[in-house]
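Tertiary structure, described
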Amino acid sequence: LIVHGGAGGARYPKGDRRFRELLEAVEVGMAAIRRGSGVDGVLAAVEYMEESGAFNCGRGACLTAGGTVELDAAVMTGAGLAGAGVGVVTCTHHPVSLARWVMENTKHVLIAGGSTVDYARLAGIRVEELRPSEAAKAKYEELTAKGGLNADLLRRMQGGNTVGAVAVGKDGVPAAAVSTGGMWLKLPGRVGDSAVLGAGIFADAKSGAASATGTGEEIIRVGLSRRACEMLARHGAGGAAREAISLISRTRGKGTAGIITVDLRGRVGASYNTEAMGRAWFDTAREKAYARI
Ligand code: ASP
């Protein structure tokens, strides 16, 4: 199991809470894998980070240009390429749980917008009003200080701190999950890579799994997570992560993305072309979680 806390922001300052939260997410995820499947593991890790408020997802999500919270998330398993994404979710801090419900109970791979509240009710997920955190409100004030919604504001759209997880279960089946508030100052209604299979996540029983972060529009154009999975058999987890980031750097520029990968042997990889990408993983040989920022 490997998790990330987003590409796009700066390196975490010394003692930053996100460092501990990533390690804790790995512990929570590993406990779930031991009890169940790879999907259980990635879901538990991502749900933990959604709840923590320390990342750009769930309780800590960024705000749209209109000052609202709109969440995207997805989950996928290598078993039969089953998976689903949800976009523009405004009724629960745990859109990834909603994505799991869509994956397991419908034939669809993407549901977005107002009707997600009906699915949340069907899924038995507590429907709640999404209130911006105090930190998000303060950052929004800062970003919009020079005037309201205009072209200049939209140029200031920025990502960072999204979360994702990939793992291989005891049965050898790979899984991936992702959850985000999206990009700061995105237009209301925008859906990013994190809701789109093949872009924000991909999992395939023949190769492994990948979860991407960064500028969603570029990740969708490249189909980054799917491309990374195609590279897994040849390059292994570390090599595929590096090759995928080299591909997006060459074709769409630097500062665009980060990715985590896992291959069928359970080896993990991570790479990014941004300043930093917080990540943590579990080393089963040493029975210990490690983190890097
Ligand atoms: N990929 C996310 C999006 O574009 C943002 C991020 O990873 O920080 O919605």
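Look a little higher up for the structure.
1. Brief notes about the site of the ligand
The ligand sits among Gly159, Gly160, Thr162, Gly182, Met183, Arg190, Asp193, Ser194, Thr213, Gly214 and Gly216. A distance of 2.7 Å separates a nitrogen atom of the ligand from a polar backbone atom of Gly214. For the ligand, the protein covers 100% of the area, taking 270 Å² as the surface of the free molecule. Residue composition of the shell around the ligand, grouped by class: 1 nonpolar, 8 polar and 2 charged.

2. A few points about the sheet that holds strand E10 (residues 268-272)
Hydrogen bonds along the backbone pair up the strands of a sheet, which may run parallel or antiparallel. Reading across from one edge, E7-E8-E9-E10 is the order of the 4 strands in this open sheet, with antiparallel pairing throughout. Each edge of the open sheet is held by one strand with a lone partner, namely strand E7 (201-204) and E10. Taken over all neighbouring pairs, the strand axes of this sheet differ in orientation by 10° on average, direction set aside. Pairing of strand E9 (residues 257-263) with E10, which is carried by 5 bridges, proceeds in the antiparallel orientation. Directly across from Gly258, in E10, lies its bridge partner Tyr272. Lying on the sheet, helix H8 (residues 224-252) is in contact with E7, strand E8 (208-214), E9 and E10; it crosses E9 at an angle near 170°.

3. So, empty space enclosed by the protein
Going through the model one piece at a time under the given rule, you end up with 3 cavities of 30 Å³ or more. Put simply, the largest cavity is a space of about 100 Å³. At 3 residues, the largest contribution of residues to the lining of the largest cavity is made by E8. Looking at side-chain class alone, the lining of the largest cavity contains 3 nonpolar, 10 polar and 3 charged residues. Here the second largest cavity is characterised by a volume of approximately 60 Å³.

4. Thoughts on the packing of helix H1 (residues 17-35) against helix H2 (residues 38-52)
Interaxial distance between H1 and H2 falls to 7 Å at its minimum, and their mutual angle equals 150°. With respect to their mutual orientation, H1 and H2 come out roughly antiparallel. Both H1 and H2 take part in a crossing whose hand is right-handed. Touching Arg17, Glu21, Leu22, Glu24, Ala25, Val28, Gly29, Ala32 and Ile33 of H1 are Gly38, Asp40, Gly41, Ala44, Ala45, Tyr48, Met49 and Ser52, all from H2.

Rules used in this analysis
Residues numbered from 1 in each chain as written. Predicted model: local features only at pLDDT ≥ 70, side-chain atom pairs only at ≥ 80, totals over all residues. Heavy atoms only, no water. Near = heavy atom within 4 Å. Polar contact = N/O pair within 3.5 Å; in protein donor to acceptor, adjacent residues only side chain to side chain. Areas by Shrake-Rupley, 256 points an atom, 1.4 Å probe, with all protein chains shown as cover. Nonpolar A, V, L, I, M, F, W, Y, C, P; charged D, E, K, R; others polar. Pairing = 2+ DSSP bridges. Helix = DSSP H or I, 4+ residues; strand = E, 2+ residues; numbered from the N terminus. Axes fitted to C-alpha atoms, helices over the stretch in contact; angles between N-to-C directions. Contact = heavy atoms within 4.5 Å. 1 Å grid on protein atoms, 1.4 Å probe; cavity = no way out; pocket = protein on both sides within 12 Å on 5 of 7 lines; lining within 4 Å. Points joined across faces, edges and corners; volume = space filled by probe spheres on them. Parallel < 35°, antiparallel > 145°, perpendicular 65-115°, else oblique. Left-handed = near helix turned anticlockwise from the far one by under 90°.

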